[in-house]
Amino acid sequence: MTDSKAMVIEPIGRVNSTRTEPLDDDWDAVHATVTLDPERFSPDVLAGLDEFSHVEVVYLFDRVDPGEIELGARHPRGNPTWPKVGIFAQRAKMRPNRIGVTVCRLLGVDGLVLNVEGLDAIDGSPVLDIKPYMAEFRPRGTVRQPEWSHELMAGYWRDRGAR
């Protein structure tokens, strides 16, 4: 792939959240907003989005030091009881292009602001794209994943306490 070229992608907005650290669990408890850049957009870019219950937010893990990018295999979350797997077999933030993608609940749209719940991006994260979540895009056929990934995700969305 010697002819690959760098691409320039401009953020469309920013995440505003009370979560300022990329903690590993309880993201469902996080209410956040995504504010689009008013210099580039008017509210009509979000027309009709409020009819959807969920959106996919594509964002940048912008605070990951380029020296921390993982190009090999590692134990997810440093847990030696889980197998070493490559960065493309996990959703860790130390990815080569540092891109995160999350399906989150859309609570409302107000002008250029989306109110969301369950967005696992920290305050100030650049947002690269927003797409409505449509049931027809969920996986077709049976979904399979290794047991360690279920263990890893056990508290990611819901607090391990009573709910």
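These numbers come from a predicted model, not from an experiment.

What counts as what
Residues numbered from 1 in each chain as written. Predicted model: local features only at pLDDT ≥ 70, side-chain atom pairs only at ≥ 80, totals over all residues. Heavy atoms only, no water. Salt bridge = Lys/Arg side-chain N within 4 Å of Asp/Glu carboxyl O. Buried < 20%, exposed > 50% of the residue type's maximum accessible area, 1.4 Å probe, protein only. Helix = DSSP H or I, 4+ residues; strand = E, 2+ residues; numbered from the N terminus. Core = buried A, V, L, I, M, F, W, Y, C linked by side-chain atoms within 4.5 Å. 1 Å grid on protein atoms, 1.4 Å probe; cavity = no way out; pocket = protein on both sides within 12 Å on 5 of 7 lines; lining within 4 Å. Points joined across faces, edges and corners; volume = space filled by probe spheres on them. Pairing = 2+ DSSP bridges. Axes fitted to C-alpha atoms, helices over the stretch in contact; angles between N-to-C directions. Phe/Tyr/Trp six-rings, centres within 6.5 Å; stacked < 30°, edge-to-face > 60°.

Participant: Quick one: what's the story with the pattern of salt bridges, residue by residue and with numbers?
Facilitator: The full count for this structure, using the stated rule, is 3 salt bridges. Note that D62 is salt-bridged to R63, the shortest N-O span being 3.7 Å. Overall, the relative accessible area of 45% leaves R63 in the partly exposed class. Of the charged contacts in the structure, one is a salt bridge between R105 and E117, with a shortest N-O distance of 2.7 Å. Here R105, found in strand β6 (residues 99–110), pairs with E117, found in strand β7 (residues 113–117); they are 12 residues apart in sequence, far enough to count as distant. Given the relative accessible area of 16%, E117 is considered buried.

Participant: Please give an account of the nonpolar core that cites residues and values.
Facilitator: Counting residues in hydrophobic clusters, the biggest one holds 24 residues, and the most contacted among them are V55, L114, V116, L119 and I130. Looking at this core, the elements that each hand over two or more residues are β2 (31–36), β3 (54–60), β6, β7 and β8 (126–132).

Participant: With reference to specific residues and values, describe the layout of surface pockets.
Facilitator: The volume enclosed by the largest pocket comes to roughly 1200 Å³. Around the largest pocket, the lining is made up of 42 residues, and of these R91, A92, D120, M153 and Y156 lie nearest the centre. Residue assignment for the lining of the largest pocket shows that the elements contributing at least two residues are β3, β6 and α1 (147–153). Considering each element in turn, the lining of the largest pocket owes the most residues, 5 residues, to β6.

Participant: Can you break down the sheet that holds β2 residue by residue, with the values?
Facilitator: In sheet architecture, strand pairing relies on hydrogen bonds along the backbone and comes in two forms, parallel and antiparallel. Taken in spatial order, the 6 strands of this closed barrel run β1-β2-β7-β6-β3-β8, and their pairing is antiparallel. Going across the sheet, the axis of each strand differs from the next one's by a mean of 45 degrees, ignoring polarity. Here β2 pairs with β7 via 5 bridges, running antiparallel. Looking at β7, one finds that V34 is bridged to L114.

Participant: Let's hear about the environment of E151: which residues, and what values?
Facilitator: Along the chain, E151 turns up in helix α1. Once the C-alpha coordinates of E151 and W82 are considered, the two residues, 69 residues apart in sequence, prove to be 9.3 Å apart.

Participant: Go over the packing of aromatic side chains with me, naming the residues and quoting the values.
Facilitator: Applying the stated rule across the entire model yields 2 aromatic pairs. Judged by centre distance (5.3 Å) and plane angle (80 degrees), the rings of Y59 and F61 are edge-to-face. Comparing Y59 with F61 shows no difference in burial state: the two are buried. Plain terms: the ring middles of W82 and W148 are 6.4 Å apart, the flat faces sit at 40 degrees to each other, and that makes the pair tilted. A residue pair is termed long-range when its members are at least 10 positions apart, and W82 in the loop between β4 (73–74) and β5 (85–86) and W148 in helix α1 qualify at 66 residues.

Participant: Describe the pairing of β6, listing the residues and the values that go with them.
Facilitator: Inspection of the sheet shows β3 paired to β6 by 7 bridges, in the antiparallel sense. Among the inter-strand pairings, H54 is bridged to a residue of β6, identified as R105. Taken together, the 5 bridges between β6 and β7 define a ladder with antiparallel strand orientation. When the bridges of β7 are listed, G108 appears paired with N115.

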